Amino acid sequence: MARRKQKRKKSSKGGVMAISFVVMMLFAVMAFKSMELREKNEAYIEREKILMEQIAAEEQRQLELAEYEKYVQTKKYVEEVAREKLGLVYENEIIFKPEN
């Protein structure tokens, strides 16, 4: 019976070593994956920052377009386009042209 106790002690030491090795390997894998996830998270944060800047720029552009839309519907804009692009003038208006 004395031999059986000794064998169990030896085999239990081997089992503890094997379990310790497996636990250490799992810890190493988790540490490696954790670093990968942190890197991905940093990349996502940077991308989110860029996208938020683009959203802000597009919102500003949207406001500018809304203002331009209001301006296009005014009489002043119609007169400017008629003068510049179509060359139209009022009936009693006199146009002075420089000599070439």
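See the structure shown above.
These numbers come from a predicted model, not from an experiment.

Peer 1: Would you take a moment to explain the packing of aromatic side chains for this structure?
Peer 2: Describing an aromatic ring pair means giving the distance of the ring centres and the angle of the ring planes. According to the stated counting rule, one finds three aromatic pairs in the structure shown. Between the aromatic rings of Tyr68 and Tyr71, the centroid separation amounts to 6.4 Å while the plane-to-plane angle is 45°, which identifies the pairing as tilted. One end of the pair is Tyr68 and the other is Tyr71, both in helix α1 (residues 2–72) and three residues apart, which spans about a single turn. Classification of Tyr68 by relative accessible area gives partly exposed; the value is 46%. Assessed through its relative accessible area of 28%, Tyr71 is described here as partly exposed.

Peer 1: Quick question: what am I supposed to make of the pattern of salt bridges here?
Peer 2: Any two side chains of opposite charge can pair, given that their charged atoms come close. Taken as a whole and assessed by the stated rule, the structure comprises three salt bridges. We note a salt bridge from Arg61 to Glu58, for which the minimum N-O separation is 3.8 Å. Taken together, the positions of Arg61 and Glu58, both in helix α1 and three residues apart, correspond to about one turn of that helix. Arg61 gets classed as partly exposed once you look at its relative accessible area, which sits at 47%. For Glu58, a relative accessible area of 47% corresponds to the partly exposed category. Linking Glu93 and Arg83 is a salt bridge whose minimum nitrogen-to-oxygen distance equals 2.9 Å. Taken together, the positions of Glu93 in the segment after α2 (75–84) and Arg83 in helix α2 put the pair ten residues apart, joining distant regions of the chain. Looking at Arg83, the relative accessible area reads 37%, which means it is partly exposed.

Thresholds applied
Residues numbered from 1 in each chain as written. Predicted model: local features only at pLDDT ≥ 70, side-chain atom pairs only at ≥ 80, totals over all residues. Heavy atoms only, no water. Phe/Tyr/Trp six-rings, centres within 6.5 Å; stacked < 30°, edge-to-face > 60°. Helix = DSSP H or I, 4+ residues; strand = E, 2+ residues; numbered from the N terminus. Buried < 20%, exposed > 50% of the residue type's maximum accessible area, 1.4 Å probe, protein only. Salt bridge = Lys/Arg side-chain N within 4 Å of Asp/Glu carboxyl O.

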